[in-house]
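Each chain, letter by letter, is given below.
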Amino acid sequence: MDYESLKSPTSFLKLMLGDLPDGVVFREYETWWEAEGKEISASVDREGTPWLRMYDVFGTRVDEILYPPAYWSMLRNGYRAGTVWRLFECGSLVPSYLLGYLTAFYDTGLYCPYTVSLSTAIPLAKYADVQVRSRYLPLMLRKDDTAWQGATWMTEAAGGSDLGAGVETIAEPAGVHWVLNGEKYFASNAGAELAVVAARRAGAPANVRGLSLFLLPRYREDGSLNYSIRRLKDKIGTRSVPTGEVELHDSQAYLLGKAEQGIYLILETLNISRVANSIGSVALMQRAIAEALDFAQHRTAFGKPVVEHPLLRQQFEERVCLLQGAFALAWETVRLLDEVWQETPHYSERYHLFRLVAHLAKYWTAEQAVLAAKWAMEVHGGMGVLAEYGVERWLREAMILPIWEGTPHRQILDGLEVMQRKQAHELLFRHLAPYAASQDLEETAAQVEALLALPQDEREARAEPVFRQLAIFSAETLQRRLEKVAGVEVHLE
Ligand SMILES: Cc1cc2nc3c(=O)[nH]c(=O)nc-3n(C[C@H](O)[C@H](O)[C@H](O)COP(=O)(O)OP(=O)(O)OC[C@H]3O[C@@H](n4cnc5c(N)ncnc54)[C@H](O)[C@@H]3O)c2cc1C
């Protein structure tokens, strides 16, 4: 592989996937990032969290998110490029996730607004009734700078892993609307014009079956605020998305889909974001490795650039190999989701396969992003810990990737569930068999079967090494398939 392709997300994508559809769009998007976006992104990160202006000068509650003006041009640039509208124009998720890869290479946090907007537009398109869809969806698909943004708010103060117990927001029917009362404790893209939110129907069971998914506009019919922002979180990273605490007081919302199927819709929404998280994690890995490479080519020690010393060179080759495996795994989630995203409950076998691959990818790529970012700091030596050179930012950004959209524990346990209930591991092994070494496949399959045969507590306790092995096996096998397709060679030149 040519070093230079690591320094450009478009070049790396071309290397992995061959020619990109609408390649010009991606080149132009990258050119903009290099010319303008990089600097804006760095300054937003440096200046800390966005501010919240709760009241206007006359004392009216407005809950306005304030960023420097350049931030809004950076944000709007991605919507214009088609992070959301291209799905509905092209009928494929591929352009959205490719643009997401480019965005995350430059600013992992900025990929969040595009992701949650996509994760709002999809359930709106699939599950809203005709009037609600025709009223709101076109506003999200505008190609100018007025496109409406979305958000996905499930987590409450009681905890995000166990949504069945943790969601205390109550929904009650009120004519064409429902009325929601409660609080959302981690609400990214606060200020969005629309959000999809989880709430419990009044009197419904205190478990996941009691949950439904609602579309919540920012403003009521009379123009007043429909949700209020109590405060914004001060985060270590992803500062280019405002994450707040949101209060719902008799907020008007529309039910999406069938009330009793809410948990399926919630998980569909989360899975769209988990795919994005995997893509964003790999993009961040590439960025961290590229910056480490750039530094190591110019820093000398013991008479030559540090990249030319055998130990570091070996590490680079291993990192690049991991990057390619992680990319192959993440990209498989895009391919599979592109096939199944229009499905509704009850899902096909293909959907169950997608779910397992999405859990594996979310778990594995986020962990690799953290490790790559830490390693990039080490390669920079003392410069790595200095805020002025920016490489420490990738570790701050990376640390959020394993946590939001469900922690590693959640991915492992949900992965176990889809294997137990839907035999998704068998689907996965069949899916990978044409590209896998048969001995590796048999050994990995035997480990998974042995795990699934254990009593529940023991199964959970021993799950991580097996899940990790399954992720590595899947990544390596899918990497082999991509290499065949795109003719990628793995060693550094
Ligand atoms: C920057 C940021 C932005 C976010 N934005 C949003 C957003 O826009 N919308 C949204 O809905 N959420 C959002 N979240 C919330 C995120 O999804 C949750 O933080 C995450 O799901 C974990 O929930 P929790 O923090 O409540 O941890 P908890 O659920 O309280 O879990 C605490 C720990 O216990 C572990 N744990 C829980 N159950 C088990 C088990 N059975 N076995 C083993 N371990 C277990 C967890 O993995 C975790 O390590 C955001 C989070 C962050 C950090």
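Above this note sits the structure.
Each value, and the rule that gives it
Residues numbered from 1 in each chain as written. Predicted model: local features only at pLDDT ≥ 70, side-chain atom pairs only at ≥ 80, totals over all residues. Heavy atoms only, no water. Axes fitted to C-alpha atoms, helices over the stretch in contact; angles between N-to-C directions. Helix = DSSP H or I, 4+ residues; strand = E, 2+ residues; numbered from the N terminus. Parallel < 35°, antiparallel > 145°, perpendicular 65-115°, else oblique. Left-handed = near helix turned anticlockwise from the far one by under 90°. Nonpolar A, V, L, I, M, F, W, Y, C, P; charged D, E, K, R; others polar. Near = heavy atom within 4 Å. Polar contact = N/O pair within 3.5 Å; in protein donor to acceptor, adjacent residues only side chain to side chain. Areas by Shrake-Rupley, 256 points an atom, 1.4 Å probe, with all protein chains shown as cover. Patch = residues over 30% accessible without salt bridge, like charges linked within 9 Å, V, L, I, M, F, W, Y side chains within 5 Å. Salt bridge = Lys/Arg side-chain N within 4 Å of Asp/Glu carboxyl O. Lys, Arg positive; Asp, Glu negative; His and termini not counted. Charge placed at Lys NZ, Arg CZ, Asp CG, Glu CD. Contact = heavy atoms within 4.5 Å.

Draft legend 1. Highlighting the packing of helix H10 (residues 262-298) against helix H12 (residues 349-379). Contact pair H10 / H12: the axes reach a minimum separation of 8 Å and the direction vectors enclose 25°. Between H10 and H12, the interaxial angle falls into the category roughly parallel. Crossing hand, H10 versus H12: left-handed. Across the contact of H10 with H12, the residue classes break down as 19 nonpolar, seven polar and four charged.

Draft legend 2. Geometry of the site of the ligand. Taken together, 20 residues lie around the ligand, and Thr155, Gly160, Ser161, Thr407 and His409 are the ones closest in. Within the side chain of threonine 155, a nitrogen or oxygen atom sits 2.7 Å from a nitrogen atom of the ligand. Contacts to the ligand include histidine 409, whose side-chain N or O atom sits 2.4 Å from an oxygen atom. When isolated, the ligand has an accessible area of 970 Å², and the protein chains bury 67% of it. If you list the elements that add at least two residues to the shell around the ligand, you get strand S3 (152-153), strand S5 (177-188) and helix H14 (408-422). In terms of residues, the shell around the ligand owes the most to one element, S5, which gives three residues. Of the residues that constitute the shell around the ligand, the class distribution is eight nonpolar, ten polar and two charged.

Draft legend 3. Quick peek at a negative patch on the surface. Together, Asp440, Glu442, Glu443 and Glu476 give the surface a local cluster of negative charge. Among the elements that line the negative patch, the one with the most residues is helix H16 (residues 438-452), at three residues. Inspection of the secondary structure puts glutamate 476 in helix H18 (residues 463-486).

Draft legend 4. Quick peek at the environment of valine 116. Along the chain, valine 116 falls in helix H7 (residues 111-127). What valine 116 contacts, discounting residues up to four positions off in sequence, is Gly150, Ala151, Thr152 and Asn189.

Draft legend 5. Fine view of a nonpolar patch on the surface. A cluster of nonpolar side chains, Ile236, Met399 and Ile403, forms an exposed patch at the surface whose accessible area comes to about 270 Å². When you line up the elements, methionine 399 lands in the loop between helix H13 (391-398) and H14.

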